[in-house]
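Results of the structural survey
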Amino acid sequence: DTCVWVVKAGEGSVRKRPSLPAESLVYVSSSTASSQQVSKGNTAKKAHDGNPETFWCAGKGSLPQWIALDLLQSTDIGGVSIDWGQDGAYTYAVEVSDDGKNWKTMVEATGEGQSCRHEFDATAYFVRVVCKGTPNGCWACIREIRILDN
């Protein structure tokens, strides 16, 4: 497990931060979701932990469901890469925000297959994936979201 140690200047505090996968290049501080399967451990943070065996899954089958990633600071973004929990057609939007309240849609798509990649230029504090449709009535589920550096 390779990690980067982050020291906050003047505070003397240290926190351990996982090193970034080669494709990601943008650090995700934390995440929230419209719902999550807490009892099964399928929480929002699992969608950006670098482990393709773990995942975020919505806590209910209703749509839309979303997951929002906090980048901790204004960040130049070159796009997103998403590994869905199930193979099939997901209908979704990728949005960005400076405040976590007002969102701008960067991508609207229906993807076939388990992985998708979208390149776009944006500057934002937050990135949100809104799942609007799932294959075969599955619940919204994402194995990994990677925010691409610009």
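Keep in mind that this is a model prediction, so the values were computed, not measured. (Residues numbered from 1 in each chain as written. Predicted model: local features only at pLDDT ≥ 70, side-chain atom pairs only at ≥ 80, totals over all residues. Heavy atoms only, no water.)

1. Some remarks on the overall build of the protein chain
Stated formally: By definition, any uninterrupted DSSP run of H or I lasting at least four residues is a helix, any uninterrupted run of E lasting at least two residues is a strand, and each is numbered from the N terminus. With a 1.4 Å probe rolled over the protein chains alone, any residue whose accessible area is under 20% of its type maximum counts as buried; one over 50% counts as exposed, and the rest are partly exposed. Residues count as neighbours in contact if any of their non-hydrogen atoms are within 4.5 Å of one another. To be clear on the numbers: accessible area is Shrake-Rupley with a 1.4 Å probe, and residue cover counts the displayed protein chains and nothing else.
Assigned secondary structure in the protein chain consists of 0 helices and 9 strands. Burial statistics for the protein chain: of 150 residues in total, 44% are counted as buried. Taking as baseline every contact in the protein chain between residues at least 6 positions apart, the subset at least 24 positions apart corresponds to 68%. Surface exposure of the protein chain reaches about 7900 Å², of which carbon and sulfur atoms provide 46%.

2. Notes on the packing of aromatic side chains
For clarity, the cut-off: Each pair of aromatic rings taken from Phe, Tyr and Trp, with Trp reduced to its six-membered ring, is defined by centres within 6.5 Å and is described as stacked if the planes are under 30 degrees apart, edge-to-face if over 60, and tilted in the remaining cases.
Taken as a whole, this structure holds 3 aromatic pairs when the rule is applied. With a centroid separation of 5.1 Å and an interplanar angle of 55 degrees, the aromatic rings of Trp84 and Tyr92 are classed as tilted. Residue Trp84 is classed as buried on the basis of its relative accessible area, which comes to 2%. With a centroid separation of 6.5 Å and an interplanar angle of 65 degrees, the aromatic rings of Trp103 and Phe126 are classed as edge-to-face. Placement of Trp103 in the loop between strand 6 (90–97) and strand 7 (104–111) and of Phe126 in strand 8 (residues 115–133) is noted, with a sequence separation of 23 residues between them. Linked through ring pairs, Trp84, Tyr90 and Tyr92 together constitute an aromatic cluster.

3. Quick notes on the pairing of strand 9 (residues 141–149)
Selection criterion: A strand pair is defined by DSSP finding two or more bridges across the two strands.
Across the 9 residues that make up strand 9, a large majority, 7, are buried. Bridging between strand 5 (residues 65–84) and strand 9 involves 7 bridges; their strand directions are antiparallel. From the neighbouring strand, Asp83 faces strand 9, where its bridge partner is Glu144.

4. Overview of the environment of Asp99
How we decide: Here a polar contact is taken to be a pair of N or O atoms separated by no more than 3.5 Å, where protein atoms must pair a possible hydrogen donor with a possible acceptor and residues adjacent in sequence count only if both atoms sit in side chains.
Among the secondary structure elements, Asp99 is positioned in the loop between strand 6 and strand 7. What makes Asp99 partly exposed here is its relative accessible area of 37%. Counting along the chain gives 29 residues from Asp99 to Asp70, while the straight-line C-alpha distance between them is 9.9 Å. Looking at Asp99, its side chain comes within polar contact range of the main-chain nitrogen of Lys101, at 2.8 Å. For Asp99, the side chain forms a polar contact with the side chain of Asn102, separated by 2.8 Å.

5. A short note on the confidence of the model for the protein chain
Inclusion rule: The predictor's confidence in any single residue is recorded as pLDDT, a number from 0 to 100.
Confidence in the prediction for the protein chain averages 85 pLDDT; 83% of positions are at 70 or higher. At the level of individual helices and strands, the protein chain shows its lowest average pLDDT in strand 1 (residues 3–7), which scores 34, and its highest in strand 4 (residues 56–57), which scores 97. Confidence over residues 1–20 falls short of pLDDT 50; this stretch has 28 contacts with residues more than four positions distant or in other chains.

6. Description of unusual backbone geometry
Phi is mostly negative for residues that are not glycine, and the peptide bonds are mostly trans. Of note, the bond from Leu63 into Pro64 is cis; its omega dihedral lies within 30 degrees of zero at 0 degrees. Among the structural elements, Pro64 can be located in the loop between strand 4 and strand 5. Phi is positive for Asn136, close to 50 degrees, though the residue is something other than glycine. Within the secondary structure, Asn136 sits in the loop between strand 8 and strand 9.

7. Brief notes about the pattern of salt bridges
Here is the rule we go by: Here, a salt bridge means any Lys or Arg side-chain nitrogen found within 4 Å of an Asp or Glu carboxyl oxygen.
A full pass over the atoms with the stated rule returns 4 salt bridges. Between Arg128 and Glu95 there is a salt bridge, with the nearest N and O atoms lying 2.6 Å from each other. Within this pair, whereas Arg128 is found in strand 8, its partner Glu95 is found in strand 6, the two being separated by 33 residues in sequence. Just as Arg128 is buried, Glu95 falls in that class too.

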